[in-house]
Protein chains: 6
Amino acid sequence: MHVYFVPHTILYDGTQLTSLWAYRSFGLLGDSIVAFRGPCRVHFEHMVDLEDVRKQSPIYGDDMLHFIVEQFDHDLERAVLRQRLLTAIIKEILEQKGHGLKRAGDDLYYQERKLSISIATSTPVSTMIHMALNITAENTPVPAVGLVELGWPVALIPELAKAIGQAYADEMQGVKHSRCKVKGVV
Amino acid sequence: MHVYFVPHTILYDGTQLTSLWAYRSFGLLGDSIVAFRGPCRVHFEHMVDLEDVRKQSPIYGDDMLHFIVEQFDHDLERAVLRQRLLTAIIKEILEQKGHGLKRAGDDLYYQERKLSISIATSTPVSTMIHMALNITAENTPVPAVGLVELGWPVALIPELAKAIGQAYADEMQGVKHSRCKVKGVV
Amino acid sequence: MHVYFVPHTILYDGTQLTSLWAYRSFGLLGDSIVAFRGPCRVHFEHMVDLEDVRKQSPIYGDDMLHFIVEQFDHDLERAVLRQRLLTAIIKEILEQKGHGLKRAGDDLYYQERKLSISIATSTPVSTMIHMALNITAENTPVPAVGLVELGWPVALIPELAKAIGQAYADEMQGVKHSRCKVKGVV
Amino acid sequence: MHVYFVPHTILYDGTQLTSLWAYRSFGLLGDSIVAFRGPCRVHFEHMVDLEDVRKQSPIYGDDMLHFIVEQFDHDLERAVLRQRLLTAIIKEILEQKGHGLKRAGDDLYYQERKLSISIATSTPVSTMIHMALNITAENTPVPAVGLVELGWPVALIPELAKAIGQAYADEMQGVKHSRCKVKGVV
Amino acid sequence: MHVYFVPHTILYDGTQLTSLWAYRSFGLLGDSIVAFRGPCRVHFEHMVDLEDVRKQSPIYGDDMLHFIVEQFDHDLERAVLRQRLLTAIIKEILEQKGHGLKRAGDDLYYQERKLSISIATSTPVSTMIHMALNITAENTPVPAVGLVELGWPVALIPELAKAIGQAYADEMQGVKHSRCKVKGVV
Amino acid sequence: MHVYFVPHTILYDGTQLTSLWAYRSFGLLGDSIVAFRGPCRVHFEHMVDLEDVRKQSPIYGDDMLHFIVEQFDHDLERAVLRQRLLTAIIKEILEQKGHGLKRAGDDLYYQERKLSISIATSTPVSTMIHMALNITAENTPVPAVGLVELGWPVALIPELAKAIGQAYADEMQGVKHSRCKVKGVV
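What you see is a predicted model; the values in this text were computed from it and never measured. (Residues numbered from 1 in each chain as written. Chains lettered and ligands numbered in written order. Predicted model: local features only at pLDDT ≥ 70, side-chain atom pairs only at ≥ 80, totals over all residues. Heavy atoms only, no water.)

J.: Kindly report on the overall build of chain A, identifying the contributing residues and their values.
T.: Tallying secondary structure elements over chain A gives four helices and eight strands in all. For chain A, the N- to C-terminal ordering of α and β elements is β-α-β-α-β-α-β-β-β-β-β-α. For chain A, the C-alpha radius of gyration of 16 Å lies close to 16 Å, the compact-globule estimate for 186 residues. Its C-alpha atoms put chain A at 50 × 40 × 35 Å along the principal axes. Within the span of chain A, comprising 186 residues, buried residues form 61% of the whole. Taking as baseline every contact in chain A between residues at least 6 positions apart, the subset at least 24 positions apart corresponds to 69%. By element, 52% of the accessible surface of chain A is carried by carbon and sulfur atoms, the whole surface being about 6,800 Å². (Helix = DSSP H or I, 4+ residues; strand = E, 2+ residues; numbered from the N terminus. Rg over C-alpha atoms; globule rule 2.2 N^0.38 Å. Buried < 20%, exposed > 50% of the residue type's maximum accessible area, 1.4 Å probe, protein only. Contact = heavy atoms within 4.5 Å. Areas by Shrake-Rupley, 256 points an atom, 1.4 Å probe, with all protein chains shown as cover.)

J.: Residue-level account of the environment of Thr 121 of chain C, with values.
T.: Structurally, Thr 121 of chain C can be placed in strand β7 (residues 116–122). Thr 121 of chain C sits in the buried class, given a relative accessible area of 0%. When the C-alpha atoms of Thr 121 of chain C and Glu 77 of chain C are compared, they prove to be 9.3 Å apart, with 44 residues separating the residues in sequence. When residues no more than four places from it in sequence are discounted, the contact partners of Thr 121 of chain C are Leu 17, Val 48, Leu 76, Thr 127 and Met 128 of chain C together with Val 182, Lys 183, Gly 184 and Val 185 of chain D.

J.: Account for the relation of the copies chain B and chain A, with residues named and values stated.
T.: Of the transformation placing chain B onto chain A, the axial shift is 0.0 Å and the rotation is 180°, giving an RMSD of 0.0 Å. Both copies of the chain, as the preceding transformation shows, are related through a two-fold rotation axis. Mapped onto chain A, 100% of the interface residues of chain B again fall at the interface, so both copies present the same surface. (Least-squares fit on C-alpha atoms with pLDDT ≥ 70 in both.)

J.: For the interface of chain F and chain A, give the residues involved together with the corresponding values.
T.: If you look at the interface, chain F gives 15 residues, while chain A gives 15 residues. At the boundary of chain F with chain A, total buried surface from both sides reaches about 1,300 Å², with 66% on carbon and sulfur atoms. Looking at the side of chain F facing chain A, the largest losses of area belong to Leu 29, Arg 179 and Cys 180 of chain F, adding up to 38% of the total buried there. Our enumeration of links across chain F and chain A arrives at zero salt bridges. (Buried area = accessible area lost by both parts, 1.4 Å probe. Salt bridge = Lys/Arg side-chain N within 4 Å of Asp/Glu carboxyl O.)

J.: Can you break down the relation of the copies chain F and chain A residue by residue, with the values?
T.: Screw-axis analysis of chain F against chain A gives a translation of 0.0 Å along the axis, an RMSD of 0.0 Å, and a rotation angle of 180°. When the interface residues of chain F are mapped onto chain A, 100% of them are again interface residues, pointing to one common binding face.

J.: Quick one: what's the story with the pairing of strand β7 (residues 116–122) of chain B, residue by residue and with numbers?
T.: Residue and element names in this part refer to chain B. With six of seven residues buried, β7 lies mostly within the body of the structure. Of the strand pairs in this sheet, β7 and strand β8 (residues 127–134) are connected by seven bridges, and their pairing is antiparallel. From the neighbouring strand, Ser 118 faces β8, where its bridge partner is Met 131. Between the end of β7 and the start of β8, which pair antiparallel, lie four residues. (Pairing = 2+ DSSP bridges.)

J.: So, the interface of chain B and chain A: which residues are in play, and what are the values?
T.: Taken together, the contact pairs 46 residues of chain B with 46 residues of chain A. Both sides together, the interface formed by chain B and chain A hides about 4,100 Å², and carbon and sulfur atoms give 54% of it. Looking only at chain B, the three residues that lose the most surface to chain A are Leu 81, Lys 181 and Val 185 of chain B, adding up to 16% of its buried area. Viewed at the interface, chain A and chain B are joined by 30 residue pairs in polar contact (both at pLDDT 80 or more). Contributing elements (two or more residues each) for the side of chain B that touches chain A: α2 (50–55), α3 (76–94), β7 and α4 (157–179) of chain B. For the side of chain B that touches chain A, the element with the highest residue contribution is α3 of chain B, accounting for 12 residues. Class assignment for the residues of the side of chain B that touches chain A results in 18 nonpolar, 10 polar and 18 charged. (Polar contact = N/O pair within 3.5 Å; in protein donor to acceptor, adjacent residues only side chain to side chain. Nonpolar A, V, L, I, M, F, W, Y, C, P; charged D, E, K, R; others polar.)

J.: Report on the sheet that holds strand β7 (residues 116–122) of chain D, specifying residues and quantitative values.
T.: All names here are of chain D. Ordered in space as β1-β2-β3-β8-β7, the five strands form an open sheet in which the pairing is mixed. In the strand order of this sheet, the two ends are held by β1 (2–5) and β7, each with one partner. Shown here is a sheet whose adjacent strand axes are inclined to one another by a mean of 25°, direction ignored. One ladder, built from 10 bridges, connects strand β2 (residues 32–42) with strand β3 (residues 59–71); its direction is antiparallel. (Axes fitted to C-alpha atoms, helices over the stretch in contact; angles between N-to-C directions.)

J.: Kindly report on the sheet that holds strand β5 (residues 107–110) of chain D, identifying the contributing residues and their values.
T.: Either a parallel or an antiparallel arrangement is found when strands of a sheet pair, and the pairing is made through backbone hydrogen bonds. Residues and elements named next belong to chain D. Read from one edge to the other, the open sheet built from three strands follows the order β4-β5-β6, with strand pairing classed as antiparallel. The open sheet has two edge strands, β4 (102–104) and β6 (113–114), and neither has a second partner. The sheet contact formed by β4 and β5 spans three bridges and is antiparallel. From the neighbouring strand, Arg 103 faces β5, where its bridge partner is Leu 108. Contacting β4 and β5, helix α3 (residues 76–94) runs over the sheet at an angle of about 175° to β4.

J.: Just give me the short version of the packing of helix α3 (residues 76–94) of chain A against helix α4 (residues 157–179) of chain A, but keep the residues and values in it.
T.: Packed helices, taken two at a time, are described by the angle their axes make and the gap between the axes. Residues and elements named next belong to chain A. Relative orientation of the contacting elements α3 and α4 amounts to 130°, with a least axis distance of 10 Å. For the element pair α3 / α4, the angle class is oblique. Of the two possible hands of crossing, α3 and α4 adopt the one that is right-handed. Between α3 and α4, the residues in contact are Arg 82, Leu 85, Leu 86, Ile 89, Ile 90, Ile 93 and Leu 94 and Leu 160, Ala 163, Ile 164, Ala 167, Tyr 168, Glu 171 and Met 172, respectively. (Parallel < 35°, antiparallel > 145°, perpendicular 65-115°, else oblique. Left-handed = near helix turned anticlockwise from the far one by under 90°.)

J.: Give me the packing of aromatic side chains: which residues, what numbers.
T.: Within this structure, the stated rule accounts for 18 aromatic pairs over all chains. Ring plane angle 50° and centroid distance 5.2 Å describe the contact between Tyr 4 of chain B and Phe 26 of chain B, whose orientation is recorded as tilted. Linking Tyr 4 of chain B in strand β1 (residues 2–5) with Phe 26 of chain B in helix α1 (residues 21–26), this pair joins segments that are 22 residues apart in sequence. With a relative accessible area of 29%, Tyr 4 of chain B lands in the partly exposed category. By relative accessible area, which is 21% here, Phe 26 of chain B ends up partly exposed. Sitting over the face of the ring of Trp 152 of chain A, Lys 97 of chain A holds its NZ or CZ atom 4.7 Å from the ring centroid. (Phe/Tyr/Trp six-rings, centres within 6.5 Å; stacked < 30°, edge-to-face > 60°. Lys NZ or Arg CZ within 6 Å of the ring centre and 35° of its normal.)

J.: Any chance you could break down the confidence of the model for chain A for me, citing the residues and the numbers?
T.: Confidence along chain A averages 95 in pLDDT terms, with 100% of residues attaining 70 or more. Quick note on the complex model: pTM equals 0.96, ipTM equals 0.96. (pLDDT = per-residue confidence, 0-100.)

J.: With reference to specific residues and values, describe α3 of chain B.
T.: Taking 1.5 Å as the rise per residue, α3 of chain B with 19 residues should run 27 Å; its terminal C-alpha atoms sit 27 Å apart, in good agreement. Between the side-chain oxygen of the N-cap and the backbone nitrogen of Glu 77 of chain B there are 3.0 Å, and the N-cap of α3 of chain B in question is Asp 75 of chain B. (Expected span 1.5 Å × (residues − 1).)

J.: Describe the pattern of salt bridges, listing the residues and the values that go with them.
T.: A full pass over the atoms with the stated rule returns 90 salt bridges over all chains. Across the pair Arg 82 of chain E and Glu 77 of chain F runs a salt bridge whose closest N-O atoms are separated by 2.8 Å. With Arg 82 of chain E in helix α3 (residues 76–94) and Glu 77 of chain F in helix α3 (residues 76–94), this pair bridges two chains. Under the relative-accessibility criterion, Arg 82 of chain E is labelled buried at 2%. Between Lys 114 of chain E and Asp 107 of chain E there is a salt bridge, with the nearest N and O atoms lying 3.4 Å from each other. The buried category is assigned to Asp 107 of chain E, whose relative accessible area is 18%. Bridged by salt links that share partners, the residues Asp 73, Arg 78 and Arg 82 of chain A together with Asp 75 and Glu 77 of chain B form one connected network.

Right, dumping it as structure tokens:
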């Protein structure tokens, strides 16, 4: 599984959540987790979370750390399970700085303030996850917290992104390992 | 999904990891997470984790809190993903008593001492997970820690078991919710 | 599974056969069977049954009872099997008024006159069924019969719609029950 | 799909519900529906319906018309859907003699008396259905009705068996047809 | 499985790789392999092979023998396996004229010159393969060889197309046969 | 994917076709192709090819080159497709010595004499292939040919085994590559 941190900023507008984005953009063929920094502005027509559309909840942020995961199987339930595992992994890594977080499904909170947004969906050839963490909490639609406040200053973002990407890739490798070491039962 | 705590102790010997055990034993039809307290003695011929068999790692403990999960689909990779999510959930709940734990795949540790054992496998009609937490760390094959030492005395075990079971059931409900609220992308 | 009868009329033009229509329209999240009354006019570009397109068979009716089923799995063969089971259920319920019907796959007939139209297809995140029964047989492209003539006057349509929806939901519940009570064989 | 009526009687004891039974017994390779006449005696250890085992409901009958269906895919939910469709097909055919039946899931009743028993399960390489109809209602564990009483005398059993088998095979052909004539929707 | 050779030429521009093309064009319902002769011009916006798009490798040829395969299941890995088996079958048939070919995945070469292009992809209801063999090697983007040079003159093309189509259909029949004659192991 | 040639001889008696054999025997975890040299004696009770059992065709040979493939997915049709691709790969490699072979499904022939035996089946956690090539054609149940006669003397067997294993592993890698470079079509 490819783990990659894009060295420049990218505006996340929802069009990145498209099959083979990592291949078309960076030549990464196969399963990948790609991280980048950038603002977030998703117009309603590009939202795939219809709960947000129904509630007319806008999705935006001035400065976020984004992850785009693509895995080449075809099971949306697996994708949602992986999304929540990614959320748990991020929580475990962020807490190393001493601030306890709360996970509710695919959301992370610090003292009732929202740190993250996330969605998992399917493409005709793969499943994909978008996960984004506020770097600062300015200009967000709900009470929010940012990575800086949690002890991860901007200078650490690339390193943090790689640590999260690598931990997710390791977890996926571990899942494969576990899947291949058991016999069935009756 | 049924959440049930068995009021009496049961010796876990590996034969509980068999399809429809919850239905045959307690009349629980459909997806379930069943918890019980009891010792653990698994003979090599009942071990489904062939890594343990290869290493000749015995599996036993004098007093453990066991969970048996059965879900009626047929995808071992999903089962392993769920197993790790269950591990993350248990970590999140146990840490409420203030002792930080470390998750490594499906294992939980406290300061290099092992708290848990776990396996996920498939049956002809479902997938199953066994997860067990030491209540005390006496008579275990490796350096271990128990729930009592982590702030969960024996009197709290039934309540803890139900809290974990309910959190897992809620997570599965949330996974279904997330799976049904998105449209696909191209 | 949600069972819902829409209290107002809707023109069925084929655009209702789109993923998460029940969620976007009525907030029903997850598996659902939604019924409504209304005319039917499907332009060729919205037809998903390419047999009808090839034969240039128009699909219309002045007054029909429609059902839209959405189930969140990804197996078109299951969807077709469910469609035929829904057809059998409708036959069983309608025959309570004493008129014997004939089922041919997903079609219902009364004395060589057509009562129903139906299609099952897949979306990127689910499978869907459209089933519609003539309320009256006026202005239909083929010799047809309507529910009124079969003993179900207009005043009974909401009740009939709910009975069919509930019977289908019960059948799906029963399918899940049957799927979870058996062990495998060799 | 092979449709075959075995010319001699066979005691159904549950061992027929084993993968490739039709191939091993009659050389029928691939999907098949095989019918035969014979008594029914299933010991508890051969029962795959654990609901019957839990209730200690014996399964027997002196003279029954049996169907064994095997289809080479690996989806137990599909198998249960097909089982209920087979039940609906049998109802439609039997009612030609003028006695209205009631279907409840995979069971058929005539005036509260049970006509049929059925189970669907999975093998390592296929899914299977057993369906049996009482020919006479003598010596059955619950109030029962037989085919003879419903207007299908013993002399008609072979013909009836073939009609049911052929109708099921035609339905499966129709399901495949329906699955291959639609385009997807968004 | 339908095997069909279109009696007139068709320009392959990529739009043929669309679900139910064989049904819409020729009334062939269900699995099919359709062959035709014609030039090849695929604009980048119709290319599904994003490796070609990334490399800006144009896809064209003045005179090619095309195959369009559609099979109604939903597994892209199966489709790629079938594509390579089709490539092996074509190699086996072409070598009857005495010129040894080299297969590299889904490509065929004669002495470092390219004979074929191919892609496998998924539709919402099926999987599809496009495979095309140069008839002559004029006006191709890379060093190429054509069927004529390999001993298959233009007059033999229809016969060759049918032989390949029939061999592929026979292979698929054989795959089904093999899948239905084994029992599982533990 | 692990490629391994066992340095000692093994009697193939059918018990090697069991899930995780490569892991239990050689510590190879995950997908693998393992080759070894040895005689072949499969008793009828260990035969999984019921066609052979029905025909009472014994399976034996004094000196064969065996391949055991295990891949951790759960689709028997994929396994059969891979089995035939493996057969095509072996043909391509063996023909380098100048003797043309004929492939018929999963069988290889040289001038009407049989070179190989093969079967593909499923386990509860994976799918498996057994493929064996006669090294010499002595003491075989049907007219046979051996590798020695085809230009592959005994001294070359280890090298040949590794070449075949590596070519299969490369092909599987290529299949994954092809599966991950395409977008879907409508």
